[in-house]
Amino acid sequence: GGGVMADAAASAVRQRHMRPRLPTQRFVVAQFGLATVFAWTCYHGLCRTFSLPRPTSVADSLAGSSEAAAETAADDGARRRPTFRPGMEHRQVSEDMFAQSTFPEALRFAPVLTALERAREAGDVDRVMDLMVINTPKFEPYLVVRALRILDKALKENDVINLQPHQQSKMRMIVNRVTKIMPRFEEASGLSSVLQSMSGFHYDPDISFFKAVDDRIEQVLSMSTAESVAVLMNHLEWPLKKYNHRPPDSLIVKMVEKFAAEACDECANDPLRFNQVAAVFLRSAQTLQAKIKGDEVKANISKVMTMSMAAVGPKRLTPILTSLNRLGITLDEPLVKAFEKEILLNFDDLTIHQPVFVLTSFADNHYNASDEVWATVEAHTLKHLSRLKAPDLQRFPMACQELGYRPSDELLDKLVYEARRKMPAFEGKDAILLVWALSKLGYDPGTEFLDEATAKIKMTFNKQPATDMARLLYAYGKFRYQPGEDMLELISAKISEDASQIKLHLLVPSIGAYGELLYNPTDSVMTELLFAVRKQYKPTDFNYLSIVLWASAKMQHNIKANFVEWALGQLNTNLSKVTREGLVRVVYSLAKMKYEPSKEIMQAFYKEMQKRLPKTTDTQALTLPLWAAGKLEFNPGKKFLDESAKLLRTNAGSLQPGQVYFMLNGFETLDYDPGATWMKAIMSKIRDKLPSYGASVLSQVVSTYTRFNYDLDADILKLEEGIRDKKLAADEA
């Protein structure tokens, strides 16, 4: 009925401006006019009978204002328009109006919307704006949304990017009117539509508009669904990206909580479709820098993703993983299993690079994939390795080392080959991270690769941050690779300039690399590095101090006594928590630096090492403390020496030449005789290796065995004498 009346009324208005009709046409028009009057009379009768609201006149029911009617008449008089035939958009307008409003409201503004559509079709943007300026204050929210969409479409169809000054003025009036009626919006979907349309206007709204939107969101949020919240958050990205306007943290938190509270029920009804909603929410929450707090909220979001995982598809696996990580939502076991299932099911559909991104996302979430997933990823990567781009060649080993997974040597060999082949396409940062990742995986790529990577890094050296330089220095130390004096000087200068910006877990290992490379940086560099260590130190970082002391001793750097005293004090406070390797490093460093601490400190360190002796099988950890005690002239006690000798006899087959020297030198200096049985047992283990020992080790063997009255074979003495003579001749030369 409403549609008939609206069309009839519009036709009646146009009749005055059309050319004379044929008799049959005039008869039809007359019948149509009578039907309209009859319908109008019936409607007024119904209004009086049931006390319904009714317009005061026919003119008010057909047009939103006298100005709009005048503009319509003037336009129709100026040129003949084709007969109006409702299309899809017009039908949608009618559906919206009759679904959301009373019949009189829909009928009253139907001609206005028709006029807007006609102006848009005619390409008359100014007329669309004029109609909106006049009618927007009288529109209900759903009509505002429809009108804004028409305006947005008109601007796009006519390629209006830069508004003229008079159009800017009109647009300002439209936005101000929309801002004033904002309190009338009762649904989040309407606010989303307003933001969506406004984002295409190429007009900068006043801050009051965004504040009005924020205020209204908070009021309608309690009545919103999870889907409408996700869509609304998506459209809130526009003011953030373009105008740097971000809703208050408290409002974003409420939106996240509302989504989490409603999402599970909505997802249960349609999990396949809701996955897209959840993906939009995660991306938007990440863009809006949402702070997701509360275990229940995080658990609900994880549950939603688990329920809808079957609809994710291979292309969205990585973005979802990345969003979850950045939002601080830890992968629980059900969600992890759902991800793994989708990865294995869709692996053939993944792109070449996606397995690398999946591994990186798992690494960011501190989750290690199952063996089946690792095997599949490794096989996929090996198959497509030649097609991987330079950045992906470093992302794969980076993810592996973060997750503690060691790929096969076959894969790493081919990866290094591809990296050398594509080295010209590498950025300096990619080369650094690849070298560092390989060092963390314990894979030596060879000198040729390191030479090429170093040359690449030199080309963009000034662009690299100090953090990456610390990683590179650590890798060089791990590989015992000498990049050249000039490169080490450049790296040292870069690290020392920004030492305070490098995290301790990267700074200390880079200092340790100096010890491995036997490179002694300048005093100014070491002063800056040690100052940064002391500045960043926390009570839980005591194990780092042993590395610093050890490196200083290895590179024979004269470290300041006050730093050593401070480090020993920190270590002594946490002795029970210091690693066995840390304790050994400290006493070795003190002996190497010839720094004599107090007797109380030495007793405390050796007492702690003695507690851990029964579980010690590492010959390095058994021999260095003996040598250090001798050098520092500290007797750790007979019990410590007896237990050490017993363990060394058990593990004598693992002794290296240097360890033999440390062991025998320590016993001799401390005047500790382990006994003839022990001496014979050790000799039986090292006898065949003596020809490969250096002069200093052989001299120590002869000296100790002679000191404790153990008769050596003549051929051993002859061997030692011959090697000693060769060394003397070499020294003289």
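Keep in mind it's a predicted model, so treat the numbers as computed, not measured. (Residues numbered from 1 in each chain as written. Predicted model: local features only at pLDDT ≥ 70, side-chain atom pairs only at ≥ 80, totals over all residues. Heavy atoms only, no water.)

Tallying secondary structure elements over the protein gives 38 helices and zero strands in all. Out of the 733 residues in the protein, the part that is buried amounts to 50%. Taking all contacts inside the protein whose residues are at least 6 apart in sequence as the whole, residues at least 24 apart take part in 79%. Put simply, the protein shows about 35700 Å² of open surface, and 52% of that area lies on carbon and sulfur atoms. (Helix = DSSP H or I, 4+ residues; strand = E, 2+ residues; numbered from the N terminus. Buried < 20%, exposed > 50% of the residue type's maximum accessible area, 1.4 Å probe, protein only. Contact = heavy atoms within 4.5 Å. Areas by Shrake-Rupley, 256 points an atom, 1.4 Å probe, with all protein chains shown as cover.)

Phe209 and Phe449 are the most contacted members of the largest nonpolar core, which has 230 residues in total. Considering each element in turn, this core owes the most residues, 10 residues, to helix H8 (residues 141–157). Each residue touching Phe449, except ones within four places of it in the same chain, is listed here: Val416, Ala419, Arg420, Met423, Leu434, Val435 and Leu438. (Core = buried A, V, L, I, M, F, W, Y, C linked by side-chain atoms within 4.5 Å.)

So, on to the pattern of salt bridges. Applying the stated rule across the entire model yields 29 salt bridges. Across the pair Asp468 and Arg471 runs a salt bridge whose closest N-O atoms are separated by 2.9 Å. Of this pair, Asp468 and Arg471 both sit in helix H25 (residues 466–479), separated by three residues, roughly a single helical turn. Taking relative accessible area as the criterion, Asp468 reaches 1% and is therefore assigned buried. Accessibility expressed as a relative area gives 18% for Arg471, which makes it buried. In this structure, the salt-bridge partner of Lys638 is Asp642, at a minimum N-O distance of 2.7 Å. Taken together, the positions of Lys638 and Asp642, both in helix H34 (residues 638–650) and four residues apart, correspond to about one turn of that helix. (Salt bridge = Lys/Arg side-chain N within 4 Å of Asp/Glu carboxyl O.)

With that settled, the discussion passes to unusual backbone geometry. Non-glycine residue Arg480 carries a positive phi angle of around 55°. Of the residues examined, Arg480 reaches a relative accessible area of 56% and is grouped as exposed. A positive phi angle, near 55°, is found at Glu633, a position not held by glycine. Relative to the elements of secondary structure, Glu633 occurs in the loop between helix H33 (619–631) and H34.

Aromatic rings considered in pairs are described by the distance between their centres and by the relative angle of their planes. Per the stated rule, a full pass over the model turns up 16 aromatic pairs. Both rings, one in Tyr588 and one in Phe662, keep their centres 6.5 Å apart while their planes meet at 80°; by these two values the pair is edge-to-face. Residue Tyr588 is located in helix H31 (residues 580–593), and its partner Phe662 is located in helix H35 (residues 657–669); the two are separated by 74 residues in the primary sequence. By relative accessible area, which is 18% here, Phe662 ends up buried. Above the plane of the ring of Trp436 lies Arg471, whose end atom (NZ or CZ) is 4.9 Å from the centre. (Phe/Tyr/Trp six-rings, centres within 6.5 Å; stacked < 30°, edge-to-face > 60°. Lys NZ or Arg CZ within 6 Å of the ring centre and 35° of its normal.)

With that settled, the discussion passes to the confidence of the model for the protein. Low-pLDDT portions of the prediction should not be read for the details of their coordinates. Of the residues in the protein, 80% have a pLDDT of 70 or more, and the chain-wide mean is 79. Mean pLDDT across the elements of the protein bottoms out in helix H3 (residues 58–62) (33) and peaks in H25 (95). (pLDDT = per-residue confidence, 0-100.)

At their nearest, the axes of helix H14 (residues 249–269) and helix H16 (residues 295–307) sit 9 Å apart, and the two run at 30° to each other. Seen along the crossing, H14 lies across H16 with a hand that is left-handed. The segment H14 lies against H16, with Val256, Glu257, Ala260, Ala263, Cys264, Cys267 and Ala268 engaging Val297, Asn300, Ile301, Lys303, Val304 and Met307. Partitioning the contact of H14 with H16 into residue classes produces 10 nonpolar, one polar and two charged. (Axes fitted to C-alpha atoms, helices over the stretch in contact; angles between N-to-C directions. Left-handed = near helix turned anticlockwise from the far one by under 90°. Nonpolar A, V, L, I, M, F, W, Y, C, P; charged D, E, K, R; others polar.)

Here we come to the side chain of Lys258. By secondary structure assignment, the location of Lys258 is in helix H14. Excluding its chain neighbours within four sequence positions, the residues that come into contact with Lys258 are Leu221, Ser222, Ser224 and Val229.

Turning our eyes to something else, we now look at helix H32 (residues 599–612). Taking 1.5 Å per residue as the helical rise, H32 with its 14 residues ought to reach 20 Å, and the 20 Å between its terminal C-alpha atoms agrees with that figure. Along H32, the positions that sit buried rather than exposed are Ile601, Met602, Phe605, Tyr606, Glu608, Met609 and Gln610. Where H32 is buried, its residues touch helix H30 (561–573), H31, H33 and H34. (Expected span 1.5 Å × (residues − 1).)

Let us look at the environment of Glu117. Relative to the helices and strands, Glu117 resides in helix H6 (residues 103–121). Separated by 30 residues in the primary sequence, Glu117 and Ala147 have C-alpha atoms spaced 9.0 Å apart. Within the local environment of Glu117, its side chain forms a polar contact with the side chain of Arg120, the two groups lying 3.1 Å apart. Engagement of the side chain of Glu117 in a polar contact is seen with the side chain of Arg146, the distance being 2.4 Å. (Polar contact = N/O pair within 3.5 Å; in protein donor to acceptor, adjacent residues only side chain to side chain.)

Structurally, the position occupied by Tyr537 is in the loop between helix H28 (523–536) and helix H29 (542–554). A relative accessible area of 13% means that Tyr537 is categorised as buried. Here the alpha-carbon distance between Tyr537 and Gln570, two residues 33 residues apart in the chain, equals 10.0 Å. Setting aside residues no more than four positions away along its own chain, Tyr537 makes contact with Leu504, Phe542, Leu545, Trp566 and Gln570.

With that settled, the discussion passes to H16. Residues spaced three or four apart along an α-helix face the same direction, because each turn holds 3.6 residues. Under the 1.5 Å per step criterion, the end-to-end length of H16 is 18 Å for 13 residues, consistent within 8% with the ideal 18 Å. Taken together, the buried positions of H16 are occupied by Val297, Asn300, Ile301, Ser302, Val304 and Met305.

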